[in-house]
Amino acid sequence: MESRTLDLIITDDISKCERKGNELYLTDIRVMEMSDTRIDYQNNGYLLANNYIYRYQMASEICKQIKKNLVPEDVIIRNVSEFICVYSPLGRCGKTRLAKTIAGIDEVRGGLYVGMETYSDNLASLTTNMLYPLKMNRSDLEDEIMRQIYQEKGIYMSYLSGTYIDAFDVGVPEIEKLKSLLLKSGSFTTICFDIGTAVLSDFSILEVFDKIYMPVLRDELSIKKLEVFMKLLSDMGFKSVIGKIRKVDVPDCEAFSEEMIRTVWKIKSGDEGG
């Protein structure tokens, strides 16, 4: 509770809850009552607002009711979270440090870092990653994708692929499917992909992301390379991608350092990048 905000409390003890209209609250947090008794929804006032869960039913049904309360039907799931990427045609410009910090400082529901680098720094990602289940289109795909997520130094992490060789086999359908599954879980308010310099076989993949943060370098050679890249995007008709790009000066410091965190807050507040 010191670093996160609760969305919902589920309890069988509502003695200290406050009723506001048809809903229950405990210290301004919405409450769903977990009850031993099956109650008739048609004849019980506040229960029509879905504030009640009968405990003796399939766990999957309980989860459906919880999700329904967390995300109302008239809310588009995509708007709940940010689906962004950090990408640059330049090497050694701070992409990974920036991406991990963006994901790691999310204080709402938490952020997820997804590695899609030219070469991962994690040996396990060569055989354990999100790409294989996606390509296999497993029947338990949603659960398998969530099993690929782990915590490391306080950051939720996963890898789409271990090397650019595998990443070259990723197309727009796979990214769109993965986006849908990750947003559907409702577990993260920031999902940030760290995309390697040379892993994209199709720039259309960048259109799937809501925002694209592009670390830049200001030396003469880097500026010329960026000009070539932006001209290439324009000539190929990717104006929508160009419109999503926010160029960022990434400080030469470690992820989660004070300076890097300040940079991320500036980026997210719109004070930096363009």
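Thresholds, definitions, all that
- Residues numbered from 1 in each chain as written.
- Predicted model: local features only at pLDDT ≥ 70, side-chain atom pairs only at ≥ 80, totals over all residues.
- Heavy atoms only, no water.
- Helix = DSSP H or I, 4+ residues; strand = E, 2+ residues; numbered from the N terminus.
- Buried < 20%, exposed > 50% of the residue type's maximum accessible area, 1.4 Å probe, protein only.
- Contact = heavy atoms within 4.5 Å.
- Areas by Shrake-Rupley, 256 points an atom, 1.4 Å probe, with all protein chains shown as cover.
- Pairing = 2+ DSSP bridges.
- Axes fitted to C-alpha atoms, helices over the stretch in contact; angles between N-to-C directions.
- Phe/Tyr/Trp six-rings, centres within 6.5 Å; stacked < 30°, edge-to-face > 60°.
- Salt bridge = Lys/Arg side-chain N within 4 Å of Asp/Glu carboxyl O.

Draft legend 1. Expanded view of the overall build of the chain. Each helix and strand in the chain was counted, giving nine helices and 12 strands. Per-residue burial for the chain yields a buried fraction of 44% across its 274 residues. For the chain, restricting intrachain contacts to residue pairs at least 6 apart in sequence, the fraction spanning at least 24 positions comes to 67%. Approximately 14900 Å² of the chain is accessible, and the part contributed by carbon and sulfur atoms is 51%.

Draft legend 2. Quick look at the sheet that holds strand β9 (residues 155-159). Overall, mixed pairing links the seven strands, which are arranged β8-β9-β7-β10-β6-β11-β12 in an open sheet. For this open sheet the edge positions go to β8 (150-152) and β12 (245-249), each flanked by a neighbour on one side alone. Direction aside, neighbouring strands of the sheet carry axes that sit 30° apart on average. Across five bridges, the pairing between strand β11 (residues 211-216) and β12 is parallel. When the sheet's bridge partners are listed, Ile212 is paired in β12 with Ile245. In this fold helix α2 (residues 95-104) packs onto β6 (82-87), β7 (111-116), β9, β10 (190-195), β11 and β12, with an angle of close to 170° to the strand it touches most, β10. Strand contacts of helix α9 (residues 258-269): β6, β10, β11 and β12, with the helix running at about 155° to β12, the strand carrying the most contacts.

Draft legend 3. Quick peek at the packing of aromatic side chains. Applying the stated criterion across every chain, the model contains 10 aromatic pairs. Judged by centre distance (5.9 Å) and plane angle (80°), the ring pair of Tyr54 and Tyr56 falls under edge-to-face. Among the residues examined, Tyr54 registers a relative accessible area of 15% and is labelled buried. Assessed through its relative accessible area of 54%, Tyr56 is described here as exposed. Ring centres of Phe83 and Phe209 lie 4.9 Å apart, and the angle between their planes is 10°; this geometry places the pair in the stacked category.

Draft legend 4. Structural context of the pattern of salt bridges. Under the definition given, this model contains 18 salt bridges. Here Asp140 and Arg138 are joined by a salt bridge, their closest N and O atoms 3.0 Å apart. Owing to a relative accessible area of 30%, Arg138 belongs among the partly exposed residues under this scheme. For the salt bridge of Lys184 with Glu142, the shortest nitrogen-to-oxygen distance reads 3.3 Å. With Lys184 in helix α6 (residues 172-185) and Glu142 in helix α4 (residues 141-147), this pair connects stretches of sequence that are 42 residues apart. Assessed through its relative accessible area of 42%, Lys184 is described here as partly exposed. The class for Glu142 is partly exposed, based on a relative accessible area of 25%. Salt bridges linked by common partners bring Arg138, Asp140, Glu144 and Arg147 together as one network.

Draft legend 5. The arrangement of the pairing of β9 in detail. When you tally the buried positions in β9, you get four out of five residues, the bulk of the element. Relative to β9, β7 runs parallel, the two sharing four bridges. Pairing of Leu112 across the sheet is with Tyr156, part of β9. Note: β8 against β9, three bridges, orientation antiparallel. Within the sheet, the bridge partner assigned to Gln151 lies in β9 and is Tyr156. Once β8 ends, the chain turns through two residues before running back antiparallel as β9, passing Lys153 with a positive phi of about 55°.

Draft legend 6. α2, seen in detail. In terms of burial, α2 is a largely internal element, seven of the 10 residues being buried. Among the residues making up α2, those that are buried are Lys95, Leu98, Ala99, Lys100, Thr101, Ile102 and Ala103.

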